[in-house]
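Secondary and tertiary structure notes
So the chains spell out like this:
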Amino acid sequence: MLAIAILAAGKGTRMKSKLPKVLHPLAGKSLIDRVLSCTKGLNPNRKLIVIGHQANLVEDSLKHHQDLDFVLQQPQNGTGHAIQQLSSKLKGFNGELLVLNGDVPLLKEETLYSLLKFHKESNASATFLSASLDSPTGYGRVFTDDSGLVKKIVEEKDCTNEQRKNKLINAGIYCFDWQQLSDVLSLLSNQNSQNEIYLTDTISLLKKALHFEVDNPFEIKGINDRVQLSECEHYIQEQLKSLWMRKGVSFVDPISCSLSEDSNFGTDVVIEPQTHLRGKCSIGNGCHLGPGSIITNSTLGENVLAIHSFINEATIGNNTSIGPFAHIRPESTIKQNSKIGNFVEIKKSCIGEGTKINHLSYVGDSALGKNINIGAGTITANFDGKDKHRTIIDDYSKTGANSVLVAPIKIGAHVTIGAGSTISKDIPDKSLVVERSKAIIRTKSD
Ligand code: UD1
Ligand code: CA
């Protein structure tokens with residue numbers, strides 16, 4: 001039997017934030033979400049989350065995960081106190097308890113597998129992840145005897161100067177034999193520099209405590225402040241960009257770009273400086289993104305060009321050119337070979353194949369056919385002050401510069417609209433329409 005407990009009740013004082021520490025985002029996902037995600041494949045029988053500081057916020061943020069058992073720790077008197085709160089929940093439970101710190105987000109599932117395996121094979125009372133760090137500041141230090149058994153963990157704040165020199169640290173990830181742990185939980189005290197009940201003190205009370213050193217110390221990096229948060233962000237970004245560079249994506253200036261883990265790229269994609277991909281993006285072969293583009297939850301076909309533009313929850317067809325300075329908003333589909341140019345905003349619209357909207361336009365709640373030319377400054381007036389209405393334009397039509405199409409409206413195929421017209425009724429196929437007051441021209445008398 002396996003139970004997993006994630007410690008997420010602390011305030012995270014050192015973050016200096018209104019937001020609980022475990023809800024701070026790292027490459028687009030909260031710390032706690034990341035910790036929880038790395039336990040997916042372990043198929044535990046129980047999943048317990050210890051919450052306390054802003055408990056509701058933390059609980060709400062995990063709604064999309066199933067089978068979570070939230071345990072309230074009030075007040076938050078330390079990591080040992082947090083685990084004491086599990087006693088009634090785990091009454092009669094027989095097996096391993098895997099304890100994860102909610103602020104150690106880069107942990108890999110494989111490492112947890114190895115920890116569990118090692119723990120079981122060694123028949124230990126507790127086994128925890130450790131690392132040997134060049135700069136161990138802030139972590140609890142691990143002290144072993146000659147046979148390799150762990151004698152104690154001493155928190156940085158409780159260390160003597162001599163003890164502080166020890167570079168072997170506790171990563172805050174433990175596998176306990178629950179029966180043995182529950183027997184010693186009540187023996188913990190708060191006689192330490194922080195007046196907290198430390199989970200780490202159980203180690204010296206247990207029969208056989210072992211540590212399991214990780215290969216990659218970055219994996220167990222704990223986040224206590226925003227400097228460490230940015231170090232982890234940097235690490236994730238470095239890993240992601242190297243991965244995609246090896247698979248055929250070029251970055252002109254990788255340091256200025258960021259990716260999400262849920263994005264996928266074809267080959268020969270070029271990413272120019274200051275370009276960011278967020279959420280779930282799929283980018284086809286030969287796309288050229290940026291400089292200065294932000295693409296979120298979108299699918300781009302092949303050879304799409306997107307310069308200085310925002311593309312959000314949209315689908316863009318092959319060989320389409322976006323920008324500079326275009327804004328493609330959610331629920332938009334831009335079909336292949338089309339062009340969305342300078343200062344154009346598209347919202348909840350479908351733009352047909354080969355259609356061009358080159359300059360200064362707003363197209364919202366619209367369905368445009370193929371090979372249409374939308375003149376500079378054309379606006380679909382979709383909002384009557386209360387409701388939104390649709391605009392339909394059929395294939396091969398043209399709107400003149402500064403046309404206003406007052407929705408709901410349908411413009412047929414092969415229609416030409418004269419520049420400066422405000423059209424508020426449907427226009428049949430193959431017509432020419434101009435709505436403009438006559439110019440009055442008078443000769444000026446001196
Ligand atoms: C802890 C370990 C330290 C280890 C380090 C690894 C203890 C006493 N120390 O120190 O040995 O090197 O992690 O990153 O355990 N939490 C609660 N309830 C509380 C207090 C904390 O749920 O009352 C949660 C926090 O939300 C956090 C985690 O426990 O997710 C760790 O707490 P934190 O205060 O950051 O411990 P560290 O000082 O980093
Ligand atoms: Ca910590």
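One numbering rule holds for all chains: residues counted from 1, following each sequence as written. Chains carry letters and ligands carry numbers; both start at the beginning, A for chains and 1 for ligands, and go up in the order they are written. Residues qualify for local features only when their pLDDT is at least 70, as the model is predicted, and side-chain atom pairs are given and counted only at 80 or more; totals for whole chains, interfaces and linings, by contrast, use all residues. Side-chain figures throughout are based on the complete set of non-hydrogen atoms in the structure, without hydrogens or water.

1. Quick notes on the coordination of the calcium ion (ligand 2)
For Na, K and Ca the donor cutoff is 3.2 Å, while for all other metals N, O and S atoms count as donors only within 2.8 Å; water does not appear among the atoms, so some sites may look incomplete. The protein atoms donating to the calcium ion (ligand 2) are Asp 103 (OD) and Asn 224 (OD1), with metal-donor distances spanning 2.3 to 2.4 Å. Note that Asp 103 is positioned in the loop between strand S6 (96-101) and helix H4 (109-121) and Asn 224 in the loop between strand S11 (209-213) and helix H7 (226-246), a separation of 121 residues in sequence. A relative accessible area of 16% means that Asn 224 is categorised as buried. Under the DSSP-based scheme used, a helix requires at least four consecutive residues in state H or I and a strand at least two consecutive residues in state E, with every element numbered from the N terminus. Three labels apply to residues, based on accessible area from a 1.4 Å probe with only protein chains included: buried if under 20% of the type maximum, exposed if over 50%, partly exposed otherwise in between.

2. Looking at the sheet that holds strand S31 (residues 366-368)
Strand order across the open sheet formed by 9 strands is S13-S16-S19-S22-S25-S28-S31-S34-S37, with parallel pairing between neighbours. This sheet does not close on itself; its edge strands, each paired only once, are strand S13 (264-265) and strand S37 (409-411). With 2 bridges connecting them, strand S28 (residues 350-351) and S31 associate as parallel partners. Along S31, the bridge assignment pairs Ile 351 with Leu 368. What makes two strands pair is DSSP finding at least two bridges between them.

3. Notes on unusual backbone geometry
The peptide bond linking Gly 290 to Pro 291 adopts the cis configuration, its omega dihedral lying at 5°. The linkage connecting Gly 323 with the following residue, Pro 324, adopts the cis geometry, with an omega of 5°. Relative to the assigned elements, Pro 324 resides in the loop between strand S23 (321-322) and strand S24 (327-328). Of note, the phi angle at Asp 268 is positive, near 55°, even though the residue is not glycine. Position of Asp 268 relative to the elements: it lies in the loop between S13 and strand S14 (269-271).

4. Some remarks on the domain arrangement of the protein chain
On domain assignment, one finds that the protein chain holds domain 1 (2-223) and domain 2 (227-433). Each of domain 1 and domain 2 has a C-alpha centre, and the two are 46 Å apart. The interface of domain 1 with domain 2 comprises 14 residues on the first partner and 10 residues on the second. A buried area of about 1,100 Å², summed over both sides, lies between domain 1 and domain 2, and 63% of it is on carbon and sulfur atoms. Salt bridge, as applied in this entry: a Lys or Arg side-chain nitrogen positioned within 4 Å of an Asp or Glu carboxyl oxygen. Our enumeration of links across domain 1 and domain 2 arrives at 3 salt bridges. In this structure, Glu 261 and Arg 34 form a salt bridge, with 2.7 Å as the shortest nitrogen-oxygen distance. A 3.5 Å cut-off defines polar contacts: any pair of N or O atoms within that distance qualifies, except that in protein one atom must be a possible hydrogen donor and the other a possible acceptor, and neighbouring residues in sequence count only when both atoms are side-chain atoms. In this structure, the connection of domain 1 to domain 2 is made through 4 residue pairs in polar contact (both at pLDDT 80 or more). Residue assignment for the side of domain 1 that touches domain 2 shows that the elements contributing at least two residues are strand S2 (25-26) and helix H1 (31-37). Delimitation of the domains relies on an automatic or database domain assignment. It only takes one pair of heavy atoms within 4.5 Å for two residues to be counted as in contact. When two parts are put together, the accessible area they lose, computed with a 1.4 Å probe and summed over both, is reported as buried area.

5. Section: the site of ligand 1
Being near a molecule or strand, for a residue, means having at least one of its heavy atoms within 4 Å of it. By nearness alone, 25 residues border ligand 1, and Gln 73, Gly 78, Thr 79, Glu 155 and Asn 170 come closest of all. Gly 10 is positioned with one of its backbone polar atoms (N or O) 2.9 Å from an oxygen atom of ligand 1. Contact between ligand 1 and Gln 73: a nitrogen atom at 2.7 Å from a side-chain N or O atom of the residue. Residue-level accessible areas treat just the shown protein chains as cover; the underlying method is Shrake-Rupley with a 1.4 Å probe. Here ligand 1, which alone exposes 760 Å², has 92% of that area covered by the protein. Cavity membership is defined here by more than half of the atoms lying within 2 Å of grid points; on that basis ligand 1 lies in the largest pocket. Mapped by element, the contributors of at least two residues to the shell around ligand 1 are strand S1 (2-8), helix H3 (79-84) and strand S10 (168-177). Tallying contributions element by element places S10 first for the shell around ligand 1, with 4 residues. Gly counts as polar in this scheme, as do all residues outside two lists: the nonpolar Ala, Val, Leu, Ile, Met, Phe, Trp, Tyr, Cys and Pro, and the charged Asp, Glu, Lys and Arg. For the shell around ligand 1, the per-class residue count stands at 8 nonpolar, 13 polar and 4 charged. Two kinds of site are reported from a 1 Å grid over the protein atoms alone, namely cavities, where a 1.4 Å probe fits but cannot get out, and pockets, open sets with protein on both sides within 12 Å along at least five of seven lines, and residues are called lining when an atom falls within 4 Å of a point. A pocket or cavity is taken to hold a molecule when more than half of that molecule's atoms are within 2 Å of the pocket's grid points.

6. Remarks on the nonpolar core
Residues enter a nonpolar core if they are buried and are Ala, Val, Leu, Ile, Met, Phe, Trp, Tyr or Cys, with the set joined through side-chain atoms within 4.5 Å. Ranked by size, the top nonpolar core spans 53 residues in total, and within it Ile 271 and Ile 340 carry the most contacts. When residues of this core are assigned to their parent elements, the largest contribution, 6 residues, is made by H7. Looking at which domains feed residues into this core, each of domain 1 (2-223) and domain 2 (227-433) gives three or more. With sequence-adjacent residues up to four places away left out, Ile 340 is seen in contact with Ser 321, Ile 322, Gly 323, Ala 326, Ile 328, Ile 334, Ile 346, Ile 351 and Ile 357.

7. What about the pairing of strand S7 (residues 126-132)?
Sheet faces and side chains relate simply in a regular strand, where the side chains alternate between the two faces. Judged by how many residues are buried, S7 sits mostly within the fold: 6 of 7 residues are covered. Where S7 meets S11, 5 bridges bridge the pair, whose relative direction is parallel. Along S11, the bridge assignment pairs Leu 129 with Phe 212.

8. Observations regarding the side chain of Asn 192
By the secondary structure assignment, Asn 192 is in the loop between helix H6 (178-185) and S11. A polar contact is formed between the side chain of Asn 192 and the backbone nitrogen of Asn 195, at a distance of 2.8 Å. Among the polar contacts listed, one links the side chain of Asn 192 to the backbone oxygen of Glu 196, at a separation of 2.6 Å. If we ignore the near neighbours within four places in the chain, the residues touching Asn 192 are Asp 158 and Tyr 198.

9. What to know about the sheet that holds strand S38 (residues 416-417)
In space, the 11 strands of this open sheet follow the order S12-S14-S17-S20-S23-S26-S29-S32-S35-S38-S40, with parallel pairing throughout. Each end of this open sheet is capped by a strand with a single partner; those strands are strand S12 (249-251) and strand S40 (432-433). Relative to strand S29 (residues 356-359), strand S26 (residues 339-342) runs parallel, the two sharing 3 bridges. Considered in S29, the bridge of Asn 342 is made with His 359.

10. Considering the layout of surface pockets
Grid points are joined across faces, edges and corners, and a volume is the space filled by probe spheres set on the points. Quantified by volume, the largest pocket comes out at close to 1,100 Å³. Lining of the largest pocket is provided by 39 residues; of these, Arg 14, Lys 21, Thr 79, Asp 103 and Asn 224 occupy positions nearest its centre. Of all the elements in the fold, those that place two or more residues in the lining of the largest pocket are S1, H3 and S10. A breakdown of the residues in the lining of the largest pocket according to their chemical character gives 12 nonpolar, 19 polar and 8 charged.

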